Amino acid sequence: MGLLPCAFLLGLLLLLGQGMTQAHTSPGENTLEEQLWPEGQSLKSFSFFCNPENVPSPGSTVPSNSVHSLRPSDIKFVAAIGNVSIARGWSGSVFTGDHWLPGPQPHPALSLVLSEVIRHFSPSVLKPICALGTGVVRHDATEDLWIQAKDLVRNMKENQQLDFQNDWKLINVFFSNASQCHLCSSTQQQRHVMSSMDQLTRILDYLHQEVPKAFVNLVDLSEALRGSHWHQKTLLSPTAQPCTCSGETSRLSSVVTQWAYQETWERLLASSKYNEQESFAVVFQPFFYERALPPPSGERPFQDPTALGLTLWNSMMQPAGQKDEPFSAKERRPLKCPSQENPYLFTYRNSNYLPRMLKPQVKTEVRDGAEIRCSDKDPSDTVPTSVHRLKLADIKVIGALGDSLTAGNGAGSKPGNVLDVLTQYRGLSWSVGGDQNLSSVITLPNMLREFNPSLKGFSVGKGRESSAGAYLNQAVAGARAEDLPVQARRLVDLMKNDVNINFQEDWKIITLFIGGNDLCDVCDDPVRYSPQNFVGNIGQALDILHAEVPRAFVNLVKVLEIINLRQLYQDKNVSCPRLILRSLCPCVLKYDDNATELASLVEVNKQYQEGTHQLVESGRYDTREDFTVVVQPFFEKVDMPKTPEGLPDNSYFAPDCFHFSSKAHAHAASALWNNMLQPVGQKTRQHNFEDKINITCPDQARPFLSTYKNLVQDQGSQLLCSDRAPSASPPTSVHTLRPADIQVVAALGDSLTAGNGIGSKPDDLSDVTTQYRGLSYSSGGDSSLENVTTLPNILRKFNGNLTGYAVGTGDANETNAFLNQAVPGAKAEELVSQVQTLIQKMKSDHRVNFHEDWKVITVLIGGSDLCDYCTDSNLYSAANFFDHLRNALDILHREVPRALVNLVDFMSPSVMRQVFLGNPDKCPVHQASILCNCVLTPRESSQELAKLESITRAYQSSMRELVESGRYDTREDFSVVLQPFFYNIRLPVLADGRPDVSFFAPDCLHPSQKFHSQLSRALWVNMLEPLGRKTDTLDLTADIPLSCPAQVEPLLRTPRNSNYTYPTTPAIENWGSDFLCTEQNPSNSVPTSVHKLRPADIKVVAALGDSLTTAVGARPSNSSDLPTSWRGLSWSIGGDGDLGTHTTLPNILKKFNPNILGFSTGTREETAGLNVATEGARARDMPAQARDLVERMKTSPEINLQKDWKLITLFIGSNDLCHYCDNQEACSAEEYVKYIRQALDILYEQLPRTFINVVEVMELADLHQGQDGKCVMPLAAQSNCTCLQGSQENLPEMQELKTVNWDFQSALSTLSYQYLQREDFAVVVQPFFQNTLVPLNKRGGADLTFFSEDCFHFSERGHAEMAIALWNNMLEPVGHKTTSNNFTYSRTKLKCPSAENPYLRTLKNSQLLQEQADAEPPVLSWAMPVAAGGGLVVGVGAVMTWRALRGRQKENSPLSLNTMSF
């Protein structure tokens, strides 16, 4: 097989030539490019984007006089020489310069790429020349290259278009190595490079002597061609025999030797004579794979020469010494452009090149030792049999599994000696090294030897895992999690066969640390390196240890947070071999900062960490008393250490900037040591390498290595129950549920349940932010009941397989929180979010059988609401608290099968005040306003404190009302039980009369572990007590024994199995409301702006509308005549009685202004006041009503038309909808809103100082007939609403009516924007009727007490609810108004103006006008409320929202409708 240089290299010439210029073609012949690479014509459209400022126009600049300031635009001529052999069997032809010769043809299309690049800068570059050499005649390789060089020089001199002396030339010398000696390390590699250099010297000397003004690229294509279908016989190696390398051939070895090979070439060239002149330079251009090892067999990386060509150009654009971007055969990298600062081709001189392996170091690393000054270094009195009673001095054997970080690669390397990173300094390894002693080398074994000098197993010196010095350090450089089982097997065998180890009796400590290499490769094979496989492989290794190794304590060190490695890589001010970093860990380093792949890597890293926690905390390795695995999390969060200048401190890393230096090994060893002694749940999760090394001593009271079972003492309990058996078969009813049937425990709430401050030391106020979830009374699972009293630990005595409990510390997102989803500071409104998260976790976690497992869920909420109540009494009202709690419990009721919910009362604010204010010397009184302002800052006997006590009672009453409604007793497998033990608390008092703060955290607000223990006991006792006999008092100092289930009925108590009937709600005498508002004063002066209007400023009220405003049927009729209009009870205008007996808008306003005018009283027309509504009215009647109203106001001697502020409510549309089907055009939405606008125009023109409520029309289509024949409508009444006669929901007519109903509402929503011109006039749409749910009675039917006898008009109770909804809407900002009114009785539902917002809300004072000045009026937002319990959803015109935006049919069965005129 002959040498064919020209065919291959001609393409490379084109890389640097004039692009698509044809060369020596005859008519009809293909162009040179087409013959070399026909499919490469696509590059004609190749785009190249560089800053035009750095791309001079032809002739615009004078060519450089120095090669060190040579720009691409200065190049006039390009050429190439080299020699590459072609594989047998390749068919094609060879171009000789004038014609093609038969024979093998290569694939040199990469030339076209670089050709396009150079042409972008120098369009006048001359046609390339291919030096032919000897063609098909075989020569010595070096001789052939010499011939090519002479041919090239001759051709350049003879070229008439080239000014040989003055034009700049770019010459590329290509060579490759068939042998692999360049991949050998150290001496072999150096010898090989020198040999290659010697063979090239003759050619480079000739070019240096003969060619003026030349920039020479010395390009090594060995890596680029390796593994391809071309077989190279290097012109520099006489044979193709592979070089025999000594040492490793691993990925790490290949990466390091690649880098050293490149560095050796660059150091030789930088110091050579070729870079001493101004007119000549030689620069080495390497081509290395992104992966250190060659591509798998069968892959052909050179199939895309474009990538190779672009890589060559990009290499030319990188300074010498910084050519660190590896070649990728799979992805095309973006083209690099000359920069404004460096617009020239880089030489060693203008790159300020310094040999990296010879760079001077500021200082050499000094290894600092340490000293342990622990008073107790003795072993246990007798050899312990339990791993949970294991002292440091009891350890006799130490071993380790892992990767190169445990093998110690580079740990002892001198700064700058990159090749030495291949050396495994096992004696310096943080977890298992034993070189010297602790005074000079800080490692875990050297620390343990201070306690037991006879320790065995540690590694010493250097060597691989098979070396004698490695001993029980069986970590393997480059290992991944999948390699751990093999390592574990080898470690076990070594210990068993070692005569110096008593395998059965000696206590062993084994440290396992893995994962870095998995993360570095996860992007290339996400399945192989998935979190599931990662955890599974670790589990296999631990299983081997667990099954075969007696007396062992295993440290499972969490994989470190690897993303911080990017800081070393990206900071150019830090000296690091970036080629090595990029090749070792591409998945971390090759992506941009905002790349989705990088975000995915961070998530996988987190899942690796969480998965190891889940694996260990499953209890899988705590089945034996002499074996345990403990997660040591100090690497969970790692910050990059910084120098005083703020740069990443590479002194903590080996010379490759990837592995640890001995300095970092020392830090890791001390962090591991401290983690081993820290209690589970309180372990340090973040290590700061910059901190001084601190080696702690074992606690004298608890001198043991910390495990999951020896966490805490002195707060345990005894359970003396003999019967701990579950039911004979899994129960299907919550009312037959035994403690042992519970399989899942969960909790929701605020900081009390999250465990803030439980384990904090008395004076450590800052630690109260720590969430000790594992100690939480209702969901903590730290240690066992003997040490920690919690509900889960009690239940685990009945069912050892209980799951869901939290352990350790951390927030709700941490893995160890599990089903404790309480959030510090959470308020009732956030409970729904917690419920949703909890349900998702239960559904997705493999440990929970969502449909079959019985669950206990404990809910405690309300304290945080009370702490902020005074800041917004509306937001934290009892009504809102009730709604939020109900919404959360509704979701649990609807979605969670087999659940018993404990609803726990919150701690009384009076208790918090007593403790906090009673200990001013111990409690942070100066932070009262920050900690719980509304509870701690009011003065004694103040109005604020009385109000707080009132709202507290209202909260508690709401909880009882919700549970006793029976709302959650409709399913056999679900119940909510109120556990009242927290209702009354007896505080422990010291001899001086002050409360005992030892029951509280340092903030004097959160309970301490003593308090939580009592809470756990009280909750357990409550759960076993029958309803009606539950303890509602908690004495913190009392001895509360843990009760046992009753022998006859050993059940968790519910209303049914307690034979308990909820107390009957006392008869309601009236539908009045309590008034709790403190802001009742009018403005200091009568406001001139409607946007500054307070409720007390209103002097006149009025109303327009139909029979819903005249209050037809509000009270029962005493005759068979048509129902009476009870105008004095009308929601928007009635003024009968006062607010205490009748809730109406005027009666609310009377609390602000007792002299208000215009309201209706009684039933007679003469006392209608300014209620101009009429029965049967439609929108077309509104202009007439508006004129009537104006006239009444003008003629009233009591009204000052110009100065009095007026509040007018307009509510119309029901009759328009009733008759839409009679005349669709006359009753269309356009006609509807037209008449309303006409009425508003009249009011706008005639009335100054006016605030108008426009209430959206309700939905009629869902108005259903009552049950059991109690609502029988007269036929005459039915005929007045013809659209609903005999209608069914699925008929097209009914769907059309729903659409029109929606159009009516949508049309009204724009009115607020149409009357903005005057400062004293506003129209505000009040949307509370958009989505309205009517509550169900206990039988699941509609609660008819809200309706009149005709089942369609409102009763007095219904009017009261409408008045409350309207009033609350008026105080809510536009854009954030409540769009539904769930009719439920409460006397405390009225909102109050706040000091911050005391005004009736308009567009302007809601700050919507500025935000929406250029936007369309807001479109109605439709929700889809769901009736609780799946019962009948009844509308009073608009009882239900749309099932979809428009026209979507409901799935309910059609129901008959009765209607009448409104």
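Residue numbering note: each chain is counted from 1, following its sequence as written. Note on the predicted model: pLDDT of at least 70 is required for a residue's local features to be given, and 80 or more for side-chain atom pairs to be given and counted; whole-chain, interface and lining totals, by contrast, use all residues. Derived side-chain values reflect all non-hydrogen atoms in the structure, with water molecules and hydrogen atoms excluded from consideration.

## A look at the overall build of the chain
Consideration 1: Going along the chain from the N terminus, every DSSP run of H or I of four or more residues is numbered as a helix, and every run of E of two or more is numbered as a strand. When helices and strands are tallied, the chain shows 35 helices and 23 strands.
Consideration 2: Whether two residues are in contact is decided by their heavy atoms, any of which lying within 4.5 Å being enough. Pairs at least 24 residues apart make up 78% of the contacts formed inside the chain by residues separated by at least 6 positions.
Consideration 3: In these tables, accessible area is a Shrake-Rupley quantity obtained with a 1.4 Å probe, and a residue counts as shielded only by the protein chains included in the view. Per element, the accessible surface of the chain, about 56300 Å² overall, is 48% carbon and sulfur.

## Some remarks on the nonpolar core
Consideration 1: What is meant by a nonpolar core is a set of buried Ala, Val, Leu, Ile, Met, Phe, Trp, Tyr and Cys residues, joined one to another through side-chain atoms within 4.5 Å. Throughout, exposure labels follow a simple rule: accessible area from a 1.4 Å probe, protein chains only, divided by the maximum for the residue type, with under 20% read as buried, over 50% as exposed, and the rest as partly exposed. Core analysis: the biggest nonpolar cluster contains 112 residues, and Leu542, Leu545, Phe635 and Trp673 have the highest contact counts within it.
Consideration 2: If one sorts the elements of this core by residue count, helix α18 (residues 662–677) sits on top with nine residues.
Consideration 3: Those residues within four positions of Phe635 in sequence are excluded, and the remaining contacts are Phe513, Val557, Lys558, Val559, Leu560, Glu561, Gln609, Phe660, Ala668, Arg685 and Phe689.
Consideration 4: Counting residues in each nonpolar core, the second largest holds 103 residues, with Ile794, Leu948, Val977 and Leu1036 among its members.

## Describing the environment of Ala370
Consideration 1: Counting through the fold element by element, Ala370 comes out in the loop between α8 (305–316) and β8 (395–402).
Consideration 2: Judged by relative accessible area, which is 22%, Ala370 ranks as partly exposed.
Consideration 3: Note: C-alpha distance between Ala370 and Val441 (71 residues apart in sequence) is 7.8 Å.
Consideration 4: Once you skip the residues sitting within four places of it in the chain, Ala370 turns out to touch Leu438, Ser439, Ile442 and Ile695.

## Here's the deal with empty space enclosed by the protein
Consideration 1: Using only the protein atoms, space was sampled on a 1 Å grid; points where a 1.4 Å probe fits but cannot get out form cavities, open sets with protein on both sides within 12 Å along at least five of seven lines form pockets, and lining residues are those with an atom within 4 Å of a point. Grid points are joined across faces, edges and corners, and a volume is the space filled by probe spheres set on the points. Within this structure, the stated rule accounts for 12 cavities of 30 Å³ or more.
Consideration 2: Here the largest cavity defines a volume of roughly 360 Å³.
Consideration 3: Looking at the largest cavity, it is lined by 26 residues, and the ones nearest its centre are Leu560, Ile562, Phe653, Phe658 and Phe660.
Consideration 4: Those elements that place two or more of their residues in the lining of the largest cavity are α9 (404–407) and α12 (516–521).
Consideration 5: Only Asp, Glu, Lys and Arg are considered charged in this grouping, and only Ala, Val, Leu, Ile, Met, Phe, Trp, Tyr, Cys and Pro are considered nonpolar; every other residue, Gly among them, is considered polar. Class assignment of the residues belonging to the lining of the largest cavity gives a composition of 17 nonpolar, six polar and three charged.

## Some thoughts on helix α26 (residues 943–964)
Consideration 1: Over its 22 residues, α26 extends 31 Å from the first C-alpha to the last, a length consistent with the 32 Å expected when each residue adds 1.5 Å.
Consideration 2: Buried residues of α26: Leu945, Leu948, Ile951, Thr952, Ala954, Tyr955, Gln956, Ser958, Met959, Leu962 and Val963, and no others.
Consideration 3: Looking at the buried positions of α26, the neighbouring elements they touch are α22 (863–867), α23 (878–895), β16 (899–904), α24 (909–918), α25 (928–936) and β17 (974–979).
Consideration 4: Among the residues trailing α26, Gly966 stands out with phi positive, at a value near 80°. A helix is expected to reach a length of 1.5 Å times the quantity of its residues less one.

## Overview of the pattern of salt bridges
Consideration 1: Salt bridges, as used here, are contacts in which a Lys or Arg side-chain nitrogen is within 4 Å of a carboxyl oxygen on Asp or Glu. Evaluation of the coordinates by the stated rule reveals 48 salt bridges.
Consideration 2: We note a salt bridge from Asp543 to Arg620, for which the minimum N-O separation is 2.7 Å. Residue Asp543 is found in helix α13 (residues 531–548), and its partner Arg620 is found in the loop between α17 (596–617) and β11 (627–632); the two are separated by 77 residues along the sequence.
Consideration 3: In this structure Asp543 comes out as partly exposed when scored by relative accessible area, which is 28%.
Consideration 4: A residue is classified by how much of its surface remains accessible, and Arg620, at 38% relative accessible area, is partly exposed.
Consideration 5: Of the charged contacts in the structure, one is a salt bridge between Glu940 and Arg913, with a shortest N-O distance of 2.7 Å. In this pair, Glu940 sits in the loop between α25 and α26 while Arg913 sits in helix α24, placing the two residues 27 residues apart along the sequence.
Consideration 6: Residue Arg913 is classed as buried on the basis of its relative accessible area, which comes to 6%.

## Considering the side chain of Ser908
Consideration 1: Assignment of secondary structure puts Ser908 in the loop between β16 and α24.
Consideration 2: Judged by relative accessible area, Ser908 falls into the buried class, the value being 16%.
Consideration 3: Among the polar contacts listed, one links the side chain of Ser908 to the side chain of Ser910, at a separation of 2.8 Å. Here a polar contact is recorded for every N or O atom pair within 3.5 Å, except that within protein the pair must consist of a potential hydrogen donor and a potential acceptor, and residues adjacent in sequence are included only if both atoms are side-chain atoms.

## Description of the state of the cysteines
Consideration 1: Cysteine sulfurs are considered disulfide-paired once they come within 2.5 Å of each other. Enumeration over the complete set of coordinates arrives at nine disulfides.
Consideration 2: Covalent S-S linkage joins Cys1077 and Cys1392, the inter-sulfur distance amounting to 2.0 Å. For the disulfide bridge between Cys1077 and Cys1392, the dihedral angle about the S-S bond is near -85°, and by the sign convention the bridge is left-handed. Of this pair, Cys1077 sits in the loop between β19 (1033–1035) and β20 (1098–1105) while Cys1392 sits in the segment after α35 (1356–1371); the two residues are 315 residues apart in sequence, bridging distant segments of the chain.

## Things to note about the packing of aromatic side chains
Think of a pair of aromatic rings as described by two things: how far the centres are apart, and how the planes are tilted against each other in angle.
Consideration 1: Note on aromatic pairs: the rings of Phe, Tyr and Trp (six-membered ring only in Trp) are paired at centre separations within 6.5 Å, and the planes decide the class, stacked below 30 degrees, edge-to-face beyond 60, tilted for the rest. What the rule picks out here adds up to 36 aromatic pairs.
Consideration 2: Ring centres of Phe635 and Phe660 lie 6.1 Å apart, and the angle between their planes is 50°; this geometry places the pair in the tilted category. With Phe635 in the loop between β11 and β12 (637–638) and Phe660 in the loop between β12 and α18, this residue pair connects regions lying 25 residues apart in the sequence. Pair check on accessibility: Phe635 and Phe660 agree, each one buried.
Consideration 3: Pairing Phe906 with Tyr955 gives two aromatic rings, centres 6.0 Å apart and planes at 90°, and the pair type is edge-to-face. Taken together, the residues span a long stretch of sequence, with Phe906 in the loop between β16 and α24 and Tyr955 in helix α26 at a distance of 49 residues. Grouping residues by exposure puts Phe906 and Tyr955 together as buried.
Consideration 4: An aromatic cluster is defined as three or more aromatic residues linked by ring pairs; in this entry it consists of Trp430, Phe513, Phe634, Phe635, Tyr652, Phe660 and Phe689.
Consideration 5: Counting as a charge over the ring demands two things of the Lys NZ or Arg CZ atom: a distance within 6 Å of the ring centre and an angle within 35 degrees of the ring normal. A cation sits over an aromatic face here: Arg202 above Trp146, 4.0 Å from the ring centre.

## Let's talk about helix α30 (residues 1182–1195)
Consideration 1: A rise of 1.5 Å per residue sets the reference length of α30, with its 14 residues, at 20 Å; its end C-alpha atoms lie 20 Å apart and thus fit the reference within 8%.
Consideration 2: Those residues of α30 that sit buried are Met1182, Pro1183, Gln1185, Ala1186, Leu1189, Val1190 and Met1193. Down the axis, α30 shows its buried residues gathered within 160° of arc, on one side only.
Consideration 3: In the core, the buried residues of α30 are packed alongside β20, β21 (1205–1211) and α32 (1229–1246). Within this analysis, the arc is defined by the directions that extend from the helix axis to the C-beta atoms.

## Considering the sheet that holds strand β22 (residues 1250–1255)
Consideration 1: Reading across from one edge, β20-β21-β22-β23 is the order of the four strands in this open sheet, with parallel pairing throughout. Edge positions in the sheet fall to β20 and β23 (1321–1326), since each has one partner strand and no second. Ignoring strand direction, the axes of neighbouring strands in this sheet form an average angle of 20°.
Consideration 2: As paired elements, β20 and β21 share seven bridges and run parallel to each other. In the sheet register, Ala1103 faces β21, and the bridge partner there is Thr1209.
Consideration 3: Angles shown run from 0 to 180 degrees and are taken between the N-to-C directions of axes, each axis being a line fitted to C-alpha atoms and, for helices, limited to the stretch in contact. Across the face of the sheet, α32 comes into contact with β21, β22 and β23 while running at roughly 150° to β23. At least two DSSP bridges between two strands are needed for those strands to be called paired.

## Examining the confidence of the model for the chain
Consideration 1: Confidence per residue, as judged by the predictor, is encoded in pLDDT with a range of 0 to 100. Mean pLDDT over the chain: 81, with 79% of residues reaching 70 or higher.
Consideration 2: Confidence drops under pLDDT 50 across residues 1–45; counting only partners more than four residues distant or on other chains, this segment forms 140 contacts.
Consideration 3: Scored below 50 in pLDDT, residues 1272–1279 makes 13 contacts in the model with residues more than four places away or belonging to other chains.

## Concerning the sheet that holds β8
Consideration 1: One open sheet holds the four strands; their spatial order is β8-β9-β10-β11, and the pairing between them is parallel. The open sheet has two free edges, formed respectively by β8 and β11, since each of these has just one partner strand. Neighbour-to-neighbour, the strand axes of this sheet turn through a mean angle of 20°, independent of strand direction.
Consideration 2: Pairing geometry for strand β10 (residues 552–557) and β11, over six bridges, is parallel. If you follow Val554 over to β11, its bridge partner there is Val629.
Consideration 3: Set on the sheet, helix α11 (residues 484–497) makes contact with β8 and β9 (507–513); between it and β8 the angle comes to about 155°.

## So, the side chain of Glu636
Consideration 1: When you line up the elements, Glu636 lands in the loop between β11 and β12.
Consideration 2: One polar contact links Glu636 to Lys558, side chain to side chain, over a distance of 2.4 Å.
Consideration 3: Aside from chain neighbours lying at most four places away, what touches Glu636 is Lys558, Glu561, Gln609, Arg685 and Glu814.

## Comments concerning unusual backbone geometry
Consideration 1: Despite not being glycine, Gln436 shows a phi value in the positive range, around 55°.
Consideration 2: Here Gln436 is to be found in the loop between α9 and α10 (444–448).
Consideration 3: Residue classification places Gln436 among the exposed positions, given a relative accessible area of 53%.
Consideration 4: With a phi close to 50°, Phe818 is a non-glycine residue in the positive phi region.

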